[in-house]
Amino acid sequence: MIREVWPSARDLAEEDLERLYSYPADPRWLAVNFVSSTDGAIEVEGRSAGLSTPADRVVYRLGNDLADVVLVGAGTAMAEGFEGMRPDAATADRRRRFGLAPIAPVAVVTTGRSLPPDAPVITKAAVPTLVFTSAAAPAELRSAWAANGAKVFVTGETAVSAERVVSTLVAEGLGRIDCEGGPRLFGSLIEAGMVDEFRLTVAPFLVAGATGRASLGEAVDPAELELASVLTDGASVLLRYLAPRG
């Protein structure tokens, strides 16, 4: 059982969780999802799966079930073995009830060679994957992504512009965006002021080691977040923060 402990104290049914984790009626809403150990690690042996808990998996699924598109960096897509969304009956029903397309496409951000043409996120996806890259990526690589079924967008000259990625998704009718990392993509979205909501699961593990942090990139002036909700299943803590807009 997942329980809300702030701003109210109550046990949450499935419909309550759907309401909390649904995206607002807004032309653009970008939510970033991460799981972290209690001491701040975001991965175990290169993957986040070793930190995920039952409660985390509930909210992780809500994030992509209720989104128009799942946005991910190429390194994360490859490390986590992304193959695109495969809705089961429960997800299909949820997306139908919320007026969403049957399958959310995956959008992958890459500088180029971090995403091979035969990446599973392209070749095994049930709907075309959107690949965002820069003009510096070799033309033959961009052609190979397209030949394997991806929709390719050039959104920058030497680097991918996070702002142009988001504006392109909105123009494509994919304004409810679920970002699942990695850290460099998250960092670029912070720099561009594109993050509306940060969803963080704090899992009950100590990891130590030298794993990275949730966001990497240029430092920005600290922007204070607004705490939206705190949930727990008695072990994990599920936090939602809202970022200032404008």
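The rules behind the values
- Residues numbered from 1 in each chain as written.
- Predicted model: local features only at pLDDT ≥ 70, side-chain atom pairs only at ≥ 80, totals over all residues.
- Heavy atoms only, no water.
- Helix = DSSP H or I, 4+ residues; strand = E, 2+ residues; numbered from the N terminus.
- Rg over C-alpha atoms; globule rule 2.2 N^0.38 Å.
- Buried < 20%, exposed > 50% of the residue type's maximum accessible area, 1.4 Å probe, protein only.
- Contact = heavy atoms within 4.5 Å.
- Areas by Shrake-Rupley, 256 points an atom, 1.4 Å probe, with all protein chains shown as cover.
- Arc of directions from axis to C-beta.
- Polar contact = N/O pair within 3.5 Å; in protein donor to acceptor, adjacent residues only side chain to side chain.
- Salt bridge = Lys/Arg side-chain N within 4 Å of Asp/Glu carboxyl O.
- Axes fitted to C-alpha atoms, helices over the stretch in contact; angles between N-to-C directions.
- Parallel < 35°, antiparallel > 145°, perpendicular 65-115°, else oblique.
- Left-handed = near helix turned anticlockwise from the far one by under 90°.
- Nonpolar A, V, L, I, M, F, W, Y, C, P; charged D, E, K, R; others polar.
- Pairing = 2+ DSSP bridges.

Caption draft 1: Local environment of the overall build of the protein chain. Secondary structure assignment for the protein chain yields 8 helices and 11 strands. Its C-alpha radius of gyration of 18 Å places the protein chain within 12% of the 18 Å reference for a compact globule of 246 residues. Expressed as lengths along the three principal axes of its C-alpha atoms, the size of the protein chain is roughly 55 × 40 × 35 Å. Expressed as a percentage of its 246 residues, the buried residues of the protein chain come to 47%. Here the analysis covers contacts within the protein chain between residues at least 6 apart in sequence; of these, 69% occur between residues at least 24 apart. Carbon together with sulfur atoms contributes 54% to the accessible area of the protein chain, which is approximately 11600 Å² in total.

Caption draft 2: View of helix α4 (residues 89-97). For α4, the complete set of buried residues consists of T91, R94 and R95. Within α4, the buried residues cover an arc of 95 degrees as seen down the axis, which keeps them to one side. Away from its buried face, by an angle of more than 90 degrees, α4 presents the exposed residues A89 and R96. On its buried face, α4 sits against α1 (14-21) and α2 (54-65). Looking at where α4 begins, the residue whose side-chain oxygen comes 3.2 Å from the main-chain nitrogen of A90 is D88. Two residues or fewer past α4, G99 is found with a positive phi of approximately 70 degrees.

Caption draft 3: Examining the pattern of salt bridges more closely. This model, assessed by the stated rule, comprises 19 salt bridges. Here R97 makes a salt bridge to E18, at a shortest N to O gap of 2.7 Å. Of this pair, R97 sits in helix α4 while E18 sits in helix α1, and the two are 79 residues apart along the sequence. Residue classification places R97 among the partly exposed residues on the basis of a relative accessible area of 40%. Take E18: its relative accessible area is 4%, and that puts it in the buried class.

Caption draft 4: Just the packing of α2 against α4, in detail. Interhelical geometry of α2 versus α4 gives an angle of 50 degrees and a closest axis separation of 10 Å. Here α2 lies oblique to α4, going by the angle between them. Seen from above, α2 lies across α4 with right-handed handedness. Between α2 and α4, the residues in contact are R61, L62, N64 and D65 and A90, T91, R94 and R95, respectively. Each residue belonging to the contact of α2 with α4 can be placed in one class, and the counts come to 2 nonpolar, 2 polar and 4 charged.

Caption draft 5: A look at the pairing of strand β11 (residues 237-242). Where strand β9 (residues 197-203) and β11 come together, 6 bridges link them in antiparallel fashion. When the bridges of β11 are listed, V202 appears paired with V237. Note that strand β10 (residues 226-232) and β11 share 6 bridges and pair antiparallel. Across the sheet, the residue bridging to S229 is R240, located in β11. Between the antiparallel neighbours β10 and β11 lie 4 residues, among them G234 with a positive phi of about 95 degrees.

Caption draft 6: Fine view of unusual backbone geometry. Backbone torsion omega between W6 and P7 reads 10 degrees, so that peptide bond is classified as cis. Summarising the element assignment, P7 is placed in the loop between β1 (3-6) and β2 (10-11). Residue G182 is reached from G181 by a cis peptide bond, and omega for that bond is 5 degrees.

Caption draft 7: Representation of the side chain of N64. Note that N64 resides in helix α2. Side-chain polar atoms of N64 contact the side chain of E180, separated by 3.2 Å. Ignoring anything within four residues of it in the chain, the contact list for N64 reads V70, M85, R95, A104, D178 and E180.

Caption draft 8: The arrangement of the sheet that holds strand β3 (residues 29-37) in detail. If you walk across this open sheet you meet the 11 strands as β2-β1-β10-β11-β9-β3-β8-β4-β5-β6-β7, and the pairing is mixed. Only two strands of the sheet have a single partner each, and these edge strands are β2 and β7 (151-154). Of the strand pairs in this sheet, strand β5 (residues 106-109) and strand β6 (residues 130-133) are connected by 3 bridges, and their pairing is parallel. Counted as the bridge partner of V109 is F132 from β6. Seen against the sheet, helix α7 (residues 162-171) touches β3, β4 (69-73), β5, β6, β7 and β8 (176-179) and runs at an angle of roughly 150 degrees to β6.

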